[in-house]
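Structural characterization, general
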Amino acid sequence: GIDLKKNLNRYISTQNLPTRMEINKYEQIRSMYPKVDIAKIEHVIHKAEEEFDFFLADEFYTAIVVHLAISVGRILDGNDLVEDDDFLESVYKHEEIKVARFIASEIEKNFNIKFSRTETAFICMHILGSNTYEKEKNESIDETIKNLPENIKTLSTKLVEFVGYLLDMNFEEDKILLFGLMFHLKTSIYRLKSGFSFNLPGENHAKHHYPDIYKAVWASEILYKKYCDVQLSEEEVAAITLHFAMAANRLNRKVRAILICNSGIGTAYDLSLQLKKSVPEIEIVETCSYYQLGLKDEREYDIILATIPITHDTKPVLRISSVLTPMDISMIKNFLGINT
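Notes on the structure in this doc start here. (Residues numbered from 1 in each chain as written. Predicted model: local features only at pLDDT ≥ 70, side-chain atom pairs only at ≥ 80, totals over all residues. Heavy atoms only, no water.)

The next thing to look at is helix H2 (residues 23–32). Taken residue by residue, H2 has Lys25, Tyr26 and Ile29 as its buried positions. Projected onto a plane normal to the axis of H2, the buried residues spread over an arc of 100° and lie on a single side. (Buried < 20%, exposed > 50% of the residue type's maximum accessible area, 1.4 Å probe, protein only. Helix = DSSP H or I, 4+ residues; strand = E, 2+ residues; numbered from the N terminus. Arc of directions from axis to C-beta.)

Looking now at the nonpolar core. The biggest cluster of nonpolar side chains holds 36 residues, and the ones touching the most others in it are Ile64, Leu68, Ile103, Ile107 and Phe115. The set of elements that each furnish at least two residues to this core consists of H2, helix H3 (38–52), helix H4 (58–76), helix H6 (97–111) and helix H7 (117–130). The element best represented in this core is H4, accounting for nine residues. Ranked by size, the runner-up nonpolar core spans 35 residues in total, among them Leu155, Leu167, Ile189 and Ile213. (Core = buried A, V, L, I, M, F, W, Y, C linked by side-chain atoms within 4.5 Å.)

What follows concerns the sheet that holds strand E2 (residues 282–288). Here four strands make up an open sheet; going across it, the order is E2-E1-E3-E4 and the pairing parallel. The outermost strands of the open sheet, each flanked by one partner alone, are E2 and strand E4 (317–319). Going across the sheet, the axis of each strand differs from the next one's by a mean of 30°, ignoring polarity. Where strand E1 (residues 255–260) and strand E3 (residues 303–306) come together, four bridges link them in parallel fashion. Across the sheet, residue Ile260 finds its bridge partner in E3, namely Ala306. Helix H16 (residues 265–278) contacts E1, E2 and E3 of the sheet and is inclined by roughly 175° relative to E2. (Pairing = 2+ DSSP bridges. Axes fitted to C-alpha atoms, helices over the stretch in contact; angles between N-to-C directions. Contact = heavy atoms within 4.5 Å.)

With that settled, the discussion passes to H3. The end-to-end C-alpha separation of H3 is 21 Å, in line with the 21 Å expected for 15 residues at 1.5 Å each. Every buried residue of H3 is listed here: Ile38, Ile41, Glu42, Val44, Ile45, Ala48 and Glu49. Within H3, the buried residues cover an arc of 155° as seen down the axis, which keeps them to one side. In this structure, H3 carries Glu50 and Glu51 as exposed residues pointing more than 90 degrees from its buried face. At the N-terminal boundary of H3, the capping side chain belongs to Asp37, with an oxygen 3.0 Å from the backbone nitrogen of Ala39. Immediately beyond the C-terminal end of H3, within one or two residues, lies Asp53, with a positive phi of roughly 55°. (Expected span 1.5 Å × (residues − 1). Polar contact = N/O pair within 3.5 Å; in protein donor to acceptor, adjacent residues only side chain to side chain.)

Turning our attention to the environment of Met182. Within the element layout of this structure, Met182 appears in helix H11 (residues 175–194). When the C-alpha atoms of Met182 and Ile152 are compared, they prove to be 6.2 Å apart, with 30 residues separating the residues in sequence.

So this is what it looks like as structure tokens:
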């Protein structure tokens, strides 16, 4: 296999760069915290990668270096974080705390400072974040969420309720949205507390293409203050807006149906028009005979509407008449969970 660390170090040496971070981000954080030797921090991260045999992708590497630079700079200036027992209890359950303790210990030695347990826990959150998708294969979503800080879980739930209320949309059954908000907030809250901005791809897109959602998210600043004691930034509003924009798309997405009709193309076409008018929540993506069904890609439709008695191994089948009746319409809407 490819030795990523060896290849990366070789590339950096040939490019003569002072850092593994994007150079503009490196210069920004160095100018903000002139007392902090960024090279020492990066050396500690490289050492941890070798010691524990892992590799941080660019975005996670940058996030943890920036976090550590902010923490060291703040401590050198005589400031520290207040211990948060609920947060500590949730984070210290994870195996990744060993990596965090190693990094914290090395930073303490390099800068002659002392980290609080909360600082070490935040380092652990970065390591956890970098492995989120890998961990999900081995843990249920419920188990993963259980280990997040309580204020993050509460804020996520309140955001779903509050923004949904302002937009007159019900997001409360959208687990993808809730899960996404929780894992976004567990690192973004620290960025907000530290006052550090980040470049969000799609920030302008969020503001100009989803103005109603954008305004609703701005209005949720009171929730950020209440549950996490932070103030919103434009980058955070844009990020949360994109989460809700995708959720709105899921909410408004029509159920894709394939129509099976053996009575000829004319009857099939007329029936598809009736369905489009009577049940606008579905989209007829194809009409065909039963014998053509096997030629269709199952990924292109969600349900089957059939005028003949058929069964299917993977997709639900709803039997309807070739002349659409009120009973057919009611049955389809009940299946979709639409109030009739």
